[in-house]
Amino acid sequence: MSILDYRREFIEGLGFGLDRFQLDAIEAVDKRVNVLVSAPTGAGKTLVANYAIGRELEREQRTFYTTPLKALSNQKYHELCELYGTERVGLLTGDTSINRTAPVVVMTTEVLRNMLLTESDQLVSLGLVVLDEVHYLQDPFRGGVWEEVLILTPAPVRFVALSATIGNADFLGAWLSEVRGPTTVVIERTRPIVLHNHLAVMKRGQPTAEIHDLLDGQRLSNEARRIDNLMKSSRKFRPGPKWQGAKSTAPPPPFRAPRRSELMQALEREDLLPVIVFIFSRAACDDAVHQLRRDGLLFTKPEERREIESIAEARLTEFSAEDLQALEYADFVDALRRGIAMHHAGMVPAFREIVETCFERNLLAVVFATETLALGVNMPARSVALERFTKYSDNGRQFLTSAEFAQMTGRAGRRGLDDEGHAIVCFASDLALHDVGRVALAPPADLHSSFRPTYNFTANLINHFDYDTALDVVQRSFAQFENDRRPAGRKRPLTDQMIARHHVLEELGYAKGWTLSADGQLLRSIYHECDLLIAESISAGVFEDLEPAELAGLLSCFVYESKRSTRAVNAAKHVSTKKKRVHHDRLGQVRRVSISERLREISTIAVTVREVEERYKVPHFKEPDGHFSTIIAAWARGVTLGTVLDLADAEIGQTSPGDFVRNAKQVADLCEQLGRMRHLTDVADVALEARDAVLRSVVAGASSVHPRD
């Protein structure tokens, strides 16, 4: 089929006209150049990717569709199966493998990076890579993976890169042209659905909350300015440094923040439901749901309640009654039946998926969510509300950035359902509305690199390239591209960072000159923040002669990180008094001692590595943290979810089911990596047993793919 025939058939099959930016991007795809599309959430970027995938299928070339999150990969897998048929679509997410040799394979970006570094035969006949959410390359922990993919993918492969709106798309496109060849940058700044910004406020003496326009064009609305002025003038009469009278004689402020139930009633009255209310605390999300239940709010009809129950029951058939009790399922489903839910990382993935499905089917009025929802699963709503316009960071309480505000309010407005979307900021007495307006009207933020050459990446460069070519690979990174265009002396060149890591590898015996030793080959297979420490622990025999549960416990020290607020408490607790609180943990004293002794060995190794790193000025890796070790070991020994959560409360402080599952999944991933190292024989076999022991019940529920219907 000719290009024009294919394009005509594709557009006619859609049943609706394309926007200018979509037509421009499709034109670039047909010219067989790389394409970067920067457009707002919901603008229709994935249509460009679907067109490019169809063109590759016509040419009998393979496509890899990468996303930053397993949940997004699962969602995209189902979407592409509907478009192209299940026999032509596969899924690879590290813990899930479906139809891996299909012509179209959805995967997390890490999976593709690992394929490139191991020269997988999966790369044969690859014609196209779609990098969805390419703005993740500024993620401080994982962003470097995107750059590694763009640098290392074979030259003939073309890219379609999809990004949320960024301020420096042309700059990113210039770098892509350098590393990938000709690249067309397509920018769309207009939202597909107009966004209206509002303020929710309680006026003194009024029984109900009011919803006002926040902006009038490019300035604050008259009402917002009036509220700002009234609050400013009333502050001089309220308790503070200049207040002379008794506290009780101070006049109350003219406005206050609406309570959660008051906000919901106002949004319902103004026909602004369903809404996602962003709250920057998991506990506060749970508390919000509790408050609405306590106040008796009900947003659903009987038939909707029956549908909600059937969705929840169908998704939880594998869960035991004991698991559901530990997860407080009765409270969760009661809130759902009322049209109320929370969504955050403290919940087990199965519960989050139930919320997502119910919301997609328009069965919920409100979801109280942390900002991770804005970065993850596609869940548009009519409205988005921000309970606070500030959040805590390492530098104390800060205003939301324009990028954070745009990311969250990007969920407002459902294409095909809403004529406009609505963003509601809740009033706060310490908040000047002109600051809110300034952030709401700010242009999109620039994208910056977070790439750094890890030990694993350095080892793979040594294995694949000569010294000069390896330096060239690092110099081709977006980080170096940015560096070269900054004032001199601002940052250590990335090649220096790679050379310093090479010196560390030489001193520790992973390389001799520019050649890897056997241990260096081992390091090539470890994809983790603590890659070198894990390799050193393997070489020292720390993981030998262990039961699966003990190995899982040890590996947890590389993934778990105690909350700062609980570290001192944990350090001060006496070991023997902690253990008495939980019975039936199936560990026994011998296993506990074995784990403890091996953790001490890992800590000793970590000190040695740090000393070498200090000589070459290499930043330290994450410190090993053994606080989760007995918890995951008990789980691998088969204890119930209720018991493991009790054990976690005793060992590390209150732990949510979602946090337990997330850490358990990361342990299982490390077990999988060791299990693939077949030359380790016995350790590899035990690692695979440990993986299977961890991936059960609520943890296994996080790793399977669930149809949306």
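Residues numbered from 1 in each chain as written. Predicted model: local features only at pLDDT ≥ 70, side-chain atom pairs only at ≥ 80, totals over all residues. Heavy atoms only, no water.

Enquirer: I'm lost on the overall build of the chain in this one. Help?
Expert: Of regular secondary structure, the chain possesses 32 helices and 22 strands. Here the chain has a C-alpha radius of gyration of 27 Å; the compact-globule value for 709 residues is 27 Å, and the two agree. Looking at the chain as a whole, 56% of its 709 residues qualify as buried. In the chain, of all internal contacts separated by at least 6 residues, the share reaching a separation of at least 24 is 73%. Side chains of the chain give 88 positive and 97 negative charges; the mean places of these two sets differ by 6 Å. (Helix = DSSP H or I, 4+ residues; strand = E, 2+ residues; numbered from the N terminus. Rg over C-alpha atoms; globule rule 2.2 N^0.38 Å. Buried < 20%, exposed > 50% of the residue type's maximum accessible area, 1.4 Å probe, protein only. Contact = heavy atoms within 4.5 Å. Lys, Arg positive; Asp, Glu negative; His and termini not counted. Charge placed at Lys NZ, Arg CZ, Asp CG, Glu CD.)

Enquirer: Just checking my understanding: could you explain the pairing of strand β15 (residues 340-343) for this structure?
Expert: Looking down a regular strand, the side chains alternate between one sheet face and the other. In β15, alternate side chains face the same way, and those of Ile 340 and Met 342 on one face and Ala 341 and His 343 on the other are all buried. For β15 and strand β16 (residues 366-369), the ladder comprises 4 bridges, and the chain directions are parallel. In the strand pairing of β16, Ile 340 is matched with Val 366. Handedness of the crossover joining β15 and β16 through helix α14 (residues 349-360): right-handed. (Pairing = 2+ DSSP bridges. Right-handed = clockwise from strand over helix to strand, strands pointing away.)

Enquirer: So what exactly am I meant to see when it comes to helix α21 (residues 494-507) here?
Expert: Since there are 3.6 residues in each turn of an α-helix, residues three or four apart along the chain are aligned in direction. The first and last C-alpha atoms of α21 sit 20 Å apart over 14 residues, in line with the 20 Å expected at 1.5 Å per residue. Looking at α21, one finds that the buried residues are Leu 494, Thr 495, Gln 497, Met 498, Ala 500, Arg 501, His 502, Val 504 and Leu 505. Of the residues one or two after α21, Gly 509 is the one with positive phi, at around 90 degrees. (Expected span 1.5 Å × (residues − 1).)

Enquirer: Quick question: what am I supposed to make of helix α6 (residues 144-152) here?
Expert: Across the 9 residues of α6, 9 count as buried, placing the element largely inside the fold. Restricting attention to buried positions, one finds in α6 the residues Gly 144, Val 145, Trp 146, Glu 147, Glu 148, Val 149, Leu 150, Ile 151 and Leu 152.

Enquirer: Explain the packing of aromatic side chains here, please?
Expert: What characterises a pair of aromatic rings is the spacing of the ring centres plus the angle enclosed by the ring planes. One pass over the structure, following the stated rule, counts 19 aromatic pairs. Between Tyr 560 and Phe 628, the ring centres sit 5.3 Å apart and the planes meet at 15 degrees, which makes this aromatic pair stacked. Separated by 68 residues along the polypeptide, Tyr 560 in the loop between α24 (548-559) and α25 (564-572) and Phe 628 in the loop between α27 (588-615) and α28 (629-636) bring together distant segments of the chain. A single burial state applies to Tyr 560 and to Phe 628, both of which are buried. Three or more aromatic residues joined by ring pairs form one cluster here, namely Phe 171, Trp 175, Phe 478 and Phe 481. Over the face of the ring belonging to Tyr 455 we find Arg 501, whose NZ or CZ atom lies 5.6 Å from the ring centre. (Phe/Tyr/Trp six-rings, centres within 6.5 Å; stacked < 30°, edge-to-face > 60°. Lys NZ or Arg CZ within 6 Å of the ring centre and 35° of its normal.)

Enquirer: Mind showing me how you'd approach unusual backbone geometry here?
Expert: Residues other than glycine predominantly adopt negative phi, and peptide bonds predominantly adopt the trans conformation. Cis geometry is adopted by the peptide bond preceding Pro 274, which originates at Leu 273 and carries an omega value of 5 degrees. When you line up the elements, Pro 274 lands in the loop between α9 (260-269) and β14 (275-278). Even without glycine at this site, Arg 586 takes up a positive phi of about 65 degrees. Along the chain, Arg 586 turns up in the loop between α26 (575-579) and α27.

Enquirer: In this structure, what is going on with the environment of Arg 55? I would like to understand it.
Expert: If you trace the backbone, Arg 55 turns up in helix α3 (residues 45-58). Residue classification places Arg 55 among the buried positions, given a relative accessible area of 10%. Between the C-alpha atom of Arg 55 and that of Asp 496, which follows or precedes it by 441 residues, the distance is 42 Å. For Arg 55, the residues in contact, after removing those within four places along its chain, are Ile 3, Tyr 6, Val 29 and Asp 30.

Enquirer: Would you explain the nonpolar core in this entry?
Expert: Core analysis: the largest hydrophobic core is formed by 203 residues, its most contacted members being Phe 368, Phe 543, Phe 558 and Phe 660. Not counting residues up to four positions away in its chain, the partners in contact with Phe 660 are Phe 628, Ile 631, Ile 632, Trp 635, Leu 641, Val 644, Leu 645, Thr 655 and Val 699. Membership of the second largest hydrophobic core comes to 34 residues, among which are Ile 26, Val 33, Tyr 77 and Val 104. (Core = buried A, V, L, I, M, F, W, Y, C linked by side-chain atoms within 4.5 Å.)

Enquirer: Sorry, what's going on with the environment of Ser 402 here?
Expert: Summarising the element assignment, Ser 402 is placed in helix α16 (residues 402-409). Between the C-alpha atoms of Ser 402 and Pro 444, which are 42 residues apart in sequence, the distance is 6.8 Å. Those residues in contact with Ser 402 that lie beyond four places of it in its chain are Val 439, Ala 442, Pro 443 and Ala 445.

Enquirer: Sorry if this is basic, but what is going on with the pattern of salt bridges here?
Expert: Any two side chains of opposite charge can pair if their charged atoms end up close together. The tally for this structure, following the rule as stated, stands at 43 salt bridges. A salt bridge links Lys 203 to Glu 210, with the shortest nitrogen-to-oxygen separation between them at 3.6 Å. For Lys 203, a relative accessible area of 25% translates into the label partly exposed. Note that Arg 438 is salt-bridged to Asp 435, the shortest N-O span being 3.3 Å. (Salt bridge = Lys/Arg side-chain N within 4 Å of Asp/Glu carboxyl O.)

Enquirer: How should the sheet that holds strand β7 (residues 158-163) be read in this particular structure?
Expert: Strands belonging to one sheet form pairs held by backbone hydrogen bonds; the direction of such a pair is parallel or antiparallel. The strand order β4-β3-β5-β2-β6-β7-β1-β8 describes an open sheet built from 8 strands, whose pairing is mixed. Both edges of this open sheet fall to β4 (97-98) and β8 (183-187), since each of them pairs with a single strand only. With 4 bridges joining them, strand β6 (residues 126-131) and β7 adopt parallel strand pairing. Each bridged residue has a counterpart across the sheet, and for Leu 131 the counterpart in β7 is Ala 161. Relative to β8, helix α7 (residues 169-180) is tilted by about 160 degrees, and along the sheet it contacts β1 (34-38), β7 and β8. (Axes fitted to C-alpha atoms, helices over the stretch in contact; angles between N-to-C directions.)

Enquirer: What am I meant to see in the confidence of the model for the chain here?
Expert: Low pLDDT means the predicted coordinates in that region are not meant to be read closely. Averaged over every residue, the pLDDT of the chain is 89; the share at 70 or more is 92%. Every residue in residues 565-580 is under pLDDT 50, and counting partners more than four places away or in other chains gives 13 contacts. Contacts from residues 702-709, a stretch scored under 50 in pLDDT, to residues over four places away or in other chains number 25 contacts. (pLDDT = per-residue confidence, 0-100.)

Enquirer: Explanation requested: the side chain of Thr 458 in the structure shown.
Expert: With respect to the helices and strands, Thr 458 occurs in helix α18 (residues 455-464). Assessed through its relative accessible area of 0%, Thr 458 is described here as buried. Polar contacts involving the side chain of Thr 458 include one to the main-chain carbonyl oxygen of Thr 454, which spans 2.7 Å. For Thr 458, the contacting residues outside a window of four places in its chain are Pro 453, Met 498, Arg 501, His 502 and Leu 505. (Polar contact = N/O pair within 3.5 Å; in protein donor to acceptor, adjacent residues only side chain to side chain.)

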